[in-house]
Amino acid sequence: MTSATTTSFVGRTEELERLLALLGRAERGRPAVGLIAGDAGVGKTRLLDELAARAEGRGVRVLQGGCMEVGDVGLPYVPFVDAFRDLGTRPGEAEVAAPLAAAVPSLGRLLPELAADPGPARAPGDGFERVQLFDGVLSLLMRLSELAPLLLVVEDVHWADRSTRDLLAFLIRTLRGGRVALVASYRSDELHRRHPLRPLLAELVRVPDLERVDLAPFGRVELDEHLQAVAGQPIPPAVLDRILARSEGNAFFAEELVAAGAIRADIALPEALADVLLDRIETLSELAQEVLKVAAVAGRRVGHRLLVEASGRPEDEVERGLRDAIAGQVLVASAATESYRFRHALLQEAVYGDLLPGERTRLHATYARLPARRPSWPGTAWPPTTSPAGWRRWSGRPARPRPCSPPARPTATSPRPWSCGTGCRTPTPSPASTGSRR
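Residues numbered from 1 in each chain as written. Predicted model: local features only at pLDDT ≥ 70, side-chain atom pairs only at ≥ 80, totals over all residues. Heavy atoms only, no water.

### Re unusual backbone geometry
At step 1: Of note in this structure, Arg-12 is not a glycine but carries a positive phi near 60°.
At step 2: Position of Arg-12 relative to the elements: it lies in the segment before α1 (13–27).
At step 3: Look at Asp-156: it is not a glycine, yet its phi comes out positive at around 60°.
At step 4: Inspection of the secondary structure assignment puts Asp-156 in the loop between β3 (150–155) and α7 (162–174). (Helix = DSSP H or I, 4+ residues; strand = E, 2+ residues; numbered from the N terminus.)

### Re the packing of aromatic side chains
At step 1: Under the counting rule described, the total for this entry stands at three aromatic pairs.
At step 2: Where Phe-80 meets Phe-84, the ring centres are 6.2 Å apart and the plane angle is 50°; that geometry is what we call tilted. Grouping residues by exposure puts Phe-80 and Phe-84 together as buried.
At step 3: Aromatic pair Phe-134 and Phe-170: ring centres 5.5 Å apart, planes at 45°, arrangement tilted. (Phe/Tyr/Trp six-rings, centres within 6.5 Å; stacked < 30°, edge-to-face > 60°. Buried < 20%, exposed > 50% of the residue type's maximum accessible area, 1.4 Å probe, protein only.)

### Points about a nonpolar patch on the surface
At step 1: Among the surface-exposed residues, Met-68, Val-70 and Leu-75 lie close enough to one another that they form a single nonpolar patch of about 240 Å² accessible area.
At step 2: With respect to the secondary-structure elements, Val-70 resides in the loop between β2 (61–66) and α3 (78–83).
At step 3: With relative accessibility at 33%, the residue Val-70 sits in the partly exposed group. (Patch = residues over 30% accessible without salt bridge, like charges linked within 9 Å, V, L, I, M, F, W, Y side chains within 5 Å. Areas by Shrake-Rupley, 256 points an atom, 1.4 Å probe, with all protein chains shown as cover. Salt bridge = Lys/Arg side-chain N within 4 Å of Asp/Glu carboxyl O.)

### Topic: the pairing of strand β8 (residues 339–342)
At step 1: Bridge analysis of strand β6 (residues 301–303) against β8 gives three bridges, and the strand direction is antiparallel. The partner of Val-302 across the bridge, within β8, is Tyr-340.
At step 2: Taken together, the four bridges between strand β7 (residues 331–334) and β8 define a ladder with antiparallel strand orientation. Across the sheet, Ser-334 pairs through a bridge with Ser-339, a residue of β8.
At step 3: What sits between β7 and β8 in their antiparallel hairpin is a turn of four residues, with Glu-338 showing a positive phi close to 55°. (Pairing = 2+ DSSP bridges.)

### Here's the deal with a negative patch on the surface
At step 1: A cluster of like negative charges, contributed by Glu-69, Glu-271, Asp-275, Asp-279, Glu-282 and Asp-354, occupies part of the molecular surface.
At step 2: When you line up the elements, Glu-69 lands in the loop between β2 and α3.
At step 3: With relative accessibility at 58%, the residue Glu-69 sits in the exposed group. (Lys, Arg positive; Asp, Glu negative; His and termini not counted. Charge placed at Lys NZ, Arg CZ, Asp CG, Glu CD.)

### Notes on the sheet that holds β2
At step 1: Taken in spatial order, the five strands line up as β2-β3-β4-β1-β5 in an open sheet, and their pairing is parallel. Edge positions in the sheet fall to β2 and β5 (211–214), since each has one partner strand and no second. Between one strand axis and the next, the sheet turns by 15° as a mean value, whatever way the strands run.
At step 2: In this structure, β2 lies alongside β3, joined through six bridges in parallel fashion. Note that in β3 the partner of Gly-65 across the bridge is Val-154. (Axes fitted to C-alpha atoms, helices over the stretch in contact; angles between N-to-C directions.)

### What to know about the packing of helix α10 (residues 237–247) against helix α16 (residues 345–353)
At step 1: Running from amino to carboxyl end, α10 crosses α16 at an angle of 80°, the nearest separation of the two axes being 6 Å. The angle between the axes of α10 and α16 places the two elements in the roughly perpendicular class. Between α10, through Ala-245, Arg-246 and Ser-247, and α16, the contact on the second element is made entirely by Ala-345, Leu-346 and Glu-349.
At step 2: In terms of residue class, the contact of α10 with α16 is made up of three nonpolar, one polar and two charged. (Parallel < 35°, antiparallel > 145°, perpendicular 65-115°, else oblique. Contact = heavy atoms within 4.5 Å. Nonpolar A, V, L, I, M, F, W, Y, C, P; charged D, E, K, R; others polar.)

### Focus on helix α15 (residues 315–327)
Within an α-helix, residues lying three or four positions from one another point in the same direction, as the helix has 3.6 residues per turn.
At step 1: If you check α15, its first and last C-alpha atoms are 18 Å apart, about what 13 residues at 1.5 Å a residue would give, namely 18 Å.
At step 2: Those residues of α15 lying buried are Val-318, Gly-321, Leu-322, Ala-325 and Ala-327.
At step 3: Elements that come into contact with the buried residues of α15 comprise α13 (286–298), α14 (304–311), β7 and β8. (Expected span 1.5 Å × (residues − 1).)

### As for the packing of α1 against helix α2 (residues 44–57)
At step 1: At their nearest, the axes of α1 and α2 sit 10 Å apart, and the two run at 45° to each other. As judged from the angle between their axes, α1 and α2 are oblique. Viewed along their axes, α1 and α2 form a crossing whose handedness is right-handed. Each of Glu-15, Leu-16, Leu-19, Leu-20 and Leu-23 in α1 lies in contact with α2, whose residues at this interface are Leu-47, Glu-50, Leu-51, Arg-54 and Ala-55.
At step 2: Taken together, the residues that form the contact of α1 with α2 break down as seven nonpolar, no polar and three charged. (Left-handed = near helix turned anticlockwise from the far one by under 90°.)

### Some remarks on the sheet that holds β8
At step 1: One open sheet accounts for three strands, arranged β6-β8-β7; its pairing is antiparallel. Edge strands, defined here as strands with exactly one partner in the open sheet, are β6 and β7. On average, each strand axis in the sheet is tilted by 25° relative to the strand beside it, whichever way the strands run.

### Some words on helix α6 (residues 127–147)
At step 1: The end-to-end C-alpha distance of α6, which contains 21 residues, comes to 31 Å, matching closely the 30 Å that a straight helix rising 1.5 Å per residue would cover.
At step 2: Listing the buried residues of α6 in full gives Glu-129, Leu-133, Phe-134, Gly-136, Val-137, Leu-138, Leu-140, Leu-141, Leu-144 and Ser-145.
At step 3: Of the surrounding elements, those touching the buried residues of α6 are β2, α4 (93–103), α5 (105–108), β3, α7 and β4 (180–187).

This is the structure:
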């Protein structure tokens, strides 16, 4: 499936102005560093493309490279090889880069077009060779900035291998002069607690004048403008509200929904988008995936006690699965409400949609069998997903007729009324009557 795309630049005015101000400092001879953080699909690349276009319009030399997801063992220095690929295409660059590549063999491997005999690409073998390479890259950037102000963009640093992270850290700490701006981006929703990028980010917070831009999802007005550009037509308010609720303002998610026909009707989650979301789920442990299935049937949010009861597993086992799901940035815990919610609504939708029919029926039936006293549990809006009548339909039992208005009076066997979730007030079934319906 082809995703809907647009070249228009929507919103992000404040974020772009901050990055252009950073670039202005570099143009005046004061090196500048920026970090852009945001969830996958929120628009980091589009913002960087706009920054690069504005920079080139001001005569700035732009070098762009990105890290790659290649499994547990990353490829060393990939974004720098990518960024330096077209060096030498502008006047004076070859004269600057070629002598450095000849003097530092490891640097020559990052500049294969300019080095006489670069040799195979590999990471430097010892500490001294690494220092030579790092210093060579720093010298290259400084000398290139004498020809024109320089913007170096490194995308998707969450996929960077250790060598790339070390080189980035070296450049950020040692840039003391020259007309150089370095801007890196990463996915904040990829940074689990043990992610190797976290220690580096913690150190970079202390770097003076570092500009950190946290990219938030679109609001309603911005999403409306963005989707009109994607679809080429105005978006009806009701459709916009539906897409906003499902995508939560994430530009990529909203584009995929539009491409799949969400403007015409409320459709199921597109397969391509579901695959992207489920790839993230599949990196978790098997236990965490099983717990997420139970949580997804409850809806976007579920209370701790209800989830443990519905899972049918020992509480400590459920907690191990929950801890893995939280560390993997799929669930978010709330101590105040003793509940868990999916980090994004479409994550819940993807997990729920991936359930087998038998799993779905069994889990709905499990929730339907839970005693009616469960509404007193914190953190769960009862019923979480649908009405008790809806759960009974899932579990194969006939639905109880909806009571008429006004609400039924409490009786001796059911003294406390509770909301069934459909707008009426239904007497709480007694334990005996609940058992008889089973």
